[in-house]
Amino acid sequence: MSETNSQSPKRIIIVGGGSAGWMTAAALSSVLPENAARICLVESEQIGTIGVGEATIPDIINFNAMLGIPEAEFLKATNGTFKLGIQFVNWGRQGESYMHPFGQHGVDMNGIDFHQYWLKYRQDHPDSSIEDFSLSAIAAQGGKFAMPDPNPRSVLSQLRYAYHFDATAYARYLRGFAEQRGVRRIEGKVTHIGQHPETGFITHIDLESGESVDGDLFFDCTGFRGMLISQTLGVSFQDWSHWLPCDTAQAIACERTGEILPYTISTAKQAGWQWRIPTQHRTGNGHIYSSKLLSDDEAIDSLLQDLDGPALGSPRKIRFQTGHRTKLWEKNCVAIGLSGGFLEPLESTSLFLIQEGISKFISLYPTAAMPAVVSDEYNRQLVKKFEQVRDFIILHYKATERDDSEFWNYTRTMDIPDSLSARMELFQEAGRIFRYEDELFAKPNWIAVLLGQNIAPKSVDPIIGAVGAADITRSLQSMRSAMQGAVAKMQTHRAFLEHYAWSGETV
Amino acid sequence: MNSPSPAVKTIVVCGGGLAGHMATLSLVNALGSDHHIAQVNASATPPADDIYGGATSPESYNFLRGLGLDEPLLMLAGRASFSLGTHFRRWRPGQTWHQCHHAPFPTIDGTPLIHHLTRSRTPLSEVLISAQAALAGRFAHPPADPANPLALAEYGYQFDPLDWVRLLDARIETTRVERLKAETITVQSQVAGRTVLALDDDIALEADLIIDATGPARTVISQTGSHFIADRTVNARISRQAATQIGQPSRVIEASEEGWTLKVFPQETELSLAITSPAEPNETLKGFDVELGRVSEAWQGNCIAIGHAAWTIEPLTPAPMMLLQRDIERLLELIPTTAEANTERREYNRRFRDDVDHAGLFHEALLRQEGAMNSAYWKSAAGGEPSEKLARKLRQYGHRGIVPRYDLEPFNNEDWIILLEGLGKTPQDYDRQADRLPEAETQNQLRQMKATIDNLIPRMPPHHIYVAKLKQYLEKKRHV
């Protein structure tokens with residue numbers, strides 16, 4: 001069947017750099033057989049990229065591993081730190097906070113989910129928090145870090161982590177990686193996009209320099225504009241702003257004061273929320289809000305007020321619309337990153353959605369004819385991913401008792417997707433969680449946020465009724481002390497980083 | 001949050017047999033003594049139990065253990081044997097394959113096996129240890145050592161439902177379950193989540209939750225307003241023959257003009273099940289007619305239908321036992337905590353529909369084929385509305401060997417690829433990433449896989465000897 005080789009796309013053009021463009025270039029150049037295709041990336045230094053300290057989820061480790069990137073080298077190059085979870089402040093109620101840690105809480109026993117044991121335990125221990133049984137949460141609160149132990153019998157095997165890093169530096173690092181593997185970078189601004197008169201396929205792009213670049217397959221990594229997928233091919237946008245009303249962000253870095261926290265902080269505010277992402281040399285901050293309910297000046301004041309060190313530079317404004325393209329792959333163009341869709345980074349899924357876009361593309365790799373049978377399946381899978389992540393993010397806005405502003409009154413009372421309301425009701429009855437098969441966020445993620453935002457089950461699951469309360473107390477207390485013991489032996493996050501991957505860069 | 005006395009205190013299981021007994025035992029094991037559990041008509045095994053097909057899939061292992069049916073018991077007292085899958089013989093002219101159970105296929109150089117097979121035009125069955133072992137009539141337990149190719153084999157059991165019903169019945173006898181008998185069961189009233197059943201028109205039995213396990217009779221669920229959506233009707237004729245030696249480690253299905261015949265090989269017996277078109281009025285040699293399909297709502301009011309009371313599907317695969325297990329697991333996960341139980345009911349019915357429909361896709365792929373035989377059974381089996389979900393799978397597989405997945409399908413990726421290959425479907429193309437490895441090297445690796453398997457098979461014992469030795473060993477261990 002080797003004659004079909006000649007049918008695979010030979011000239012791949014990635015339009016736009018940034019995380020999306022360079023992640024695509026790095027992945028393709030690493031997995032495609034040598035000489036299978038020529039890959040060009042066109043970007044302009046005049047067009048800025050978005051990204052002020054990026055927080056990720058553990059899947060990023062798989063992406064880097066697929067490329068064979070050494071972890072310490074990558075952390076050094078991007079001023080990266082470790083992330084054990086997200087602390088949510090003022091979300092369920094003002095004055096409250098909870099941790100959404102990576103990894104699971106406790107250990108499931110006799111085929112019954114751990115949280116069911118904990119719900120019963122809490123009846124006699126009302127001050128207990130489910131975080132007390134998450135190794136990642138205990139380590140995060142203590143400012144500690146250690147590598148997970150692959151031995152499943154070790155308590156350290158429960159640890160899960162991701163990274164915080166400078167996304168611009170990550171793109172730069174991946175650029176070096178991709179260029180080494182033969183990706184050609186062309187500097188220049190795109191002035192025109194050429195299409196085939198009959199098929200509408202994209203045939204070439206013209207640059208300001210007068211150069212014209214022909215291609216068989218195009219990746220649109222041009223950000224929110226979607227120069228190819230939207231402006232040229234006219235693919236429509238599925239708008240979700242009625243569920244996720246924030247539409248603007250102001251982002252700024254500040255000097256780091258104090259310890260380097262091994263977690264992200266997300267603080268709910270009057271009309272949105274603010275992130276705080278620690279990298280080795282500084283702290284990234286951003287205020288995401290609804291511009292209908294808060295002016296830019298008010299948003300900036302609020303952002304600057306809540307920095308915990310002197311600001312570095314002035315805030316950068318980013319406008320966005322929440323939702324996704326109805327097709328992320330149309331004709332011979334695949335939209336990766338913001339051009340394909342956007343969900344606010346409340347659960348750090350931006351790079352994950354890029355990664356999914358790339359890996360699903362690789363698993364469905366097309367022939368040059370770009371058969372609709374392939375793009376159709378790609379679109380089905382990607383849209384499903386967006387919808388699943390969407391529901392989880394909406395949960396944070398819906399499950400609140402806040403009534404101190406128009407913003408929270410709206411989100412608290414808004415209609416939500418049926419898929420989400422069914423889940424919330426099921427949990428409210430007896431703490432039951434249903435997970436779809438290939439869903440990104442698993443049971444422990446849903447449990448952390450549901451409980452953290454005070455969605456309390458009305459009763460315990462009847463199947464826990466047969467287990468004695470004393471047995472549960474004994475098991476849980478021994479789990480907790482094993483975790484506390486393990487965390488006590490860990491290094492501090494900073495000491496671990498200094499030893500493992502310190503960049504030495506200062507601001 | 002508090003835990004007052006549970007909203008559902010009395011649970012009544014109607015019916016015995018595999019469904020009734022498995023549900024009763026699961027409930028009494030899982031729920032504390034503040035739940036009262038009764039079983040009505042435990043001794044009436046529905047004759048339709050035979051169309052559960054006498055085989056389980058590998059996923060049933062932990063479920064059976066949870067019921068106390070661990071492997072030593074099944075071998076020593078349950079007359080079970082091993083099942084590596086189902087052998088389809090002359091399903092269509094030229095279509096003979098072994099629908100085996102298999103762990104996730106290995107990858108070669110990081111790319112799924114299927115693409116390398118397509119590229120080098122190598123038949124899948126040559127590199128499947130469980131298919132080759134079944135063809136040779138041999139069996140051994142998959143070892144824990146992942147370097148041994150046999151570690152990729154997976155197995156379920158072949159069994160005679162009557163044996164397992166007997167084992168389950170004995171276990172229930174040792175529990176607190178109350179057992180009642182009745183000629184007729186009538187729903188007398190249904191108010192606010194509490195139902196009164198009239199047994200034989202004179203005894204009133206109050207229940208907060210009723211499990212209908214009466215098989216195709218659907219005694220209780222049919223009185224609640226849920227209706228049966230019939231797809232078509234078939235006739236099932238069962239026969240049992242004493243066997244002096246255990247047959248092969250897989251079931252055998254063979255097609256004929258009139259329909260198809262299934263043979264199952266547990267210990268000491270050979271079960272034979274013929275599925276044909278429904279009996280004509282004057283035909284006397286036939287078995288019993290069964291309507292295939294499912295109920296509109298498996299959970300209606302406070303009655304939950306499980307097993308054949310909720311759906312009937314032909315035993316072409318272990319799907320009937322897989323679905324029964326899912327019914328019971330779903331029930332345990334969603335035992336209601338309020339009398340209304342609206343949330344649990346909605347979730348239960350959603351997953352019920354998905355599970356039954358997704359199992360149906362696999363059977364639809366087997367039955368809806370070009371060039372089907374022109375007899376009453378086959379015409380009816382290939383009729384009906386084609387499913388878009390199946391069409392998507394066939395399209396994607398035919399194009400490039402991709403099998404799209406839907407939520408929590410009972411059949412896994414390996415099942416589907418083995419099936420589609422067995423049905424003679426070949427991907428037009430393969431994943432380009434397979435090209436990273438030179439073709440000669442791919443062929444070399446595939447040849448090695450085949451050679452290792454060919455070398456191992458003759459060293460595995462024949463199925464009947466393996467079972468006999470295993471029983472000897474288990475007996476000895478029991479008496480130590």
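None of the values given here were measured: they were computed from a predicted structure. Within each chain, residues carry numbers counting from 1 in the order of the written sequence. Chain letters start at A and ligand numbers start at 1, both assigned in the order the entries are written. Residues qualify for local features only when their pLDDT is at least 70, as the model is predicted, and side-chain atom pairs are given and counted only at 80 or more; totals for whole chains, interfaces and linings, by contrast, use all residues.

Secondary structure is summarised from DSSP: a helix means a run of H or I of at least four residues, a strand means a run of E of at least two, and numbering begins at the N terminus for each. Scanning chain B from terminus to terminus reveals 13 helices and 21 strands. Taken over C-alpha atoms, the radius of gyration comes to 23 Å for chain B, in line with the 23 Å a tight globule of 480 residues would show. With respect to the principal axes defined by its C-alpha atoms, chain B has extents near 75 × 60 × 60 Å. In this scheme every C-beta is placed from the backbone, and a residue whose C-beta has 20 or more other C-beta atoms within 10 Å is buried, one with 12 or fewer is exposed, and one in between is partly exposed. Burial statistics for chain B: of 480 residues in total, 50% are counted as buried. We take the radius of gyration over the C-alpha atoms and set the globule estimate at 2.2 Å times the residue count to the 0.38 power.

Residues and elements named next belong to chain B. Inspection of the secondary structure puts Pro104 in the loop between strand E5 (95-100) and strand E6 (107-108). According to the C-beta neighbour criterion, Pro104 is exposed, with 12 such atoms within 10 Å. Distance from Pro104 to Ile275, taken between C-alpha atoms, is 32 Å for residues 171 residues apart in sequence.

Moving on, we come to helix H9 (residues 350-363) of chain A. Compared with an ideal rise of 1.5 Å per residue, which puts 14 residues at 20 Å, H9 of chain A spans 20 Å between its outermost C-alpha atoms and is within 8% of the ideal. Among the 14 residues of H9 of chain A, ten are classified as buried, and the element is accordingly described as predominantly covered. To estimate the expected span of a helix, count its residues, drop one, and scale the result by 1.5 Å.

Where a protein is soluble and globular, its nonpolar side chains tend to be buried together. Counting 260 residues, the largest nonpolar core has Val15 of chain A together with Ala23 and Ile306 of chain B as its most contacted members. By definition, residues are in contact whenever their C-beta atoms, placed on the basis of the backbone, come within 7 Å of each other. Other than its neighbours up to four places away in sequence, Val15 of chain A contacts Val42, Val190, Ile205, Phe218, Phe219, Asp220, Cys221, Thr222, Met227 and Leu228 of chain A. What we call a nonpolar core is a set of buried Ala, Val, Leu, Ile, Met, Phe, Trp, Tyr and Cys residues whose membership is set by joining through C-beta atoms within 7 Å.

Let us now look at the packing of helix H12 (residues 418-430) of chain A against helix H8 (residues 342-367) of chain B. Two numbers describe how H12 of chain A lies on H8 of chain B: the axes approach to 9 Å, and their chain directions differ by 125°. It follows from the interaxial angle that H12 of chain A and H8 of chain B lie oblique. When you trace H12 of chain A past H8 of chain B, the crossing you get is left-handed. In contact with Ala422, Glu425, Leu426 and Glu429 of chain A of H12 of chain A, H8 of chain B contributes Thr343, Glu344, Arg346 and Glu347 of chain B. Looking at side-chain class alone, the contact of H12 of chain A with H8 of chain B contains two nonpolar, one polar and five charged residues. Between N-to-C directions, angles span 0 to 180 degrees; the directions come from axes that are lines fitted to C-alpha atoms, helices contributing only their stretch in contact. Angles are sorted into four bins: roughly parallel if under 35 degrees, roughly antiparallel if over 145, roughly perpendicular if 65 to 115, and oblique for all others. For a crossing to be left-handed, the near helix must be turned anticlockwise from the far one by less than a right angle; the clockwise case is right-handed. Note on residue categories: nonpolar means Ala, Val, Leu, Ile, Met, Phe, Trp, Tyr, Cys or Pro, charged means Asp, Glu, Lys or Arg, and polar means any other residue, Gly included.

All names here are of chain A. Following both chains from N to C, one finds helix H1 (residues 18-31) and helix H6 (residues 167-180) inclined at 30°, their axes separated by 8 Å at the closest point. With respect to H6, the axis of H1 lies roughly parallel. For H1 against H6, the interelement crossing comes out left-handed. On the side of H1, the interface is formed by Gly18, Ser19, Trp22, Met23, Ala25, Ala26 and Ser29, while H6 contributes Ala167, Tyr170, Ala171, Leu174, Arg175, Phe177 and Ala178. The residue makeup of the contact of H1 with H6, split by class, is ten nonpolar, three polar and one charged.

What follows concerns H1 of chain A. Residues and elements named next belong to chain A. Compared with the 20 Å implied by 1.5 Å per residue over 14 residues, the 20 Å span of H1 between its first and last C-alpha is a close match. H1 sits mainly inside the fold: twelve of its 14 residues count as buried. Burial in H1 covers these residues: Gly18, Ser19, Ala20, Gly21, Trp22, Met23, Thr24, Ala25, Ala26, Ala27, Leu28 and Ser29. Among the structural elements, strand E1 (11-15), strand E2 (38-43), helix H2 (59-67), H6, strand E13 (217-220) and H9 are those in contact with the buried residues of H1.

All names here are of chain B. Only when DSSP finds a minimum of two bridges between them are two strands counted as paired. Pairing is antiparallel in the open sheet, where three strands are placed in the order E10-E11-E12. Looking at which strands have only one partner, the edges of the open sheet turn out to be strand E10 (185-191) and strand E12 (203-207). The average undirected angle you get between the axes of adjacent strands in this sheet is 25°. One ladder, built from six bridges, connects E10 with strand E11 (residues 194-199); its direction is antiparallel.

Next up on the list: the domain arrangement of chain A. Residues and elements named next belong to chain A. By domain assignment, chain A separates into domain 1 (2-80 + 166-237 + 322-388), domain 2 (85-159 + 410-493) and domain 3 (248-316). For the purposes of this description, domain bounds are those given by an automatic or database domain assignment. Distance from the C-alpha centre of domain 1 to the C-alpha centre of domain 3: 29 Å. If you look at the interface, domain 1 gives ten residues, while domain 3 gives 13 residues. Across the side of domain 1 that touches domain 3, the residue classes tally to four nonpolar, four polar and two charged.

The next subject is the interface of chain A and chain B. Each side of the interface is counted separately: chain A has 35 residues, and chain B has 33 residues. Elements represented by at least two residues in the side of chain A that touches chain B include exactly helix H10 (372-398) and H12 of chain A. The element best represented in the side of chain A that touches chain B is H12 of chain A, accounting for five residues. Tallied by class, the residues present in the side of chain A that touches chain B amount to 20 nonpolar, eight polar and seven charged.

Looking at the element boundaries, Gly284 of chain A is found in strand E18 (residues 283-289). Separated by 141 residues in sequence, Gly284 of chain A and Glu425 of chain A place their C-alpha atoms 36 Å apart.

Here we take up the sheet that holds E13 of chain A. All names here are of chain A. The mixed open sheet is built from six strands, whose spatial order is E9-E2-E1-E13-E22-E21. Taken across any chain shown, the strands that pair with only one partner, and hence form the sheet edges, are strand E9 (184-187) and strand E21 (329-330). Of the pairings in the sheet, the one linking E13 to strand E22 (residues 333-335) comprises three bridges and is parallel in character. The residue of E22 that forms the bridge with Asp220 is Ala335. The strands that H1 touches are E1, E2 and E13; relative to E2, the one it contacts most, it runs at about 170°.

Residue-level pLDDT values for chain A average 93, and 97% of them are 70 or greater. For residues 1-6 of chain A, every residue scores under 50 in pLDDT, and the model assigns this stretch five contacts once sequence neighbours within four places are set aside. Summary of the metric used: pLDDT quantifies the predictor's per-residue confidence within the range 0 to 100.

All names here are of chain B. Within the secondary structure layout, Ile129 lies in helix H5 (residues 129-136). For Ile129, a count of 24 C-beta atoms within 10 Å puts it in the buried group. As a C-alpha pair, Ile129 and Thr186 span 57 residues in sequence and 52 Å in three-dimensional space. Apart from residues lying up to four places away in sequence, Ile129 is in contact with Pro149, Leu150, Leu152, Ala153 and Ile453.

This part is about unusual backbone geometry. Residues and elements named next belong to chain B. The backbone phi angle of Glu268 is positive, close to 70°, even though this residue is not glycine. Mapped onto the secondary structure, Glu268 falls in the loop between strand E16 (259-264) and strand E17 (269-276). Of note in the backbone geometry, Leu408 takes a positive phi value of approximately 50° without being a glycine.

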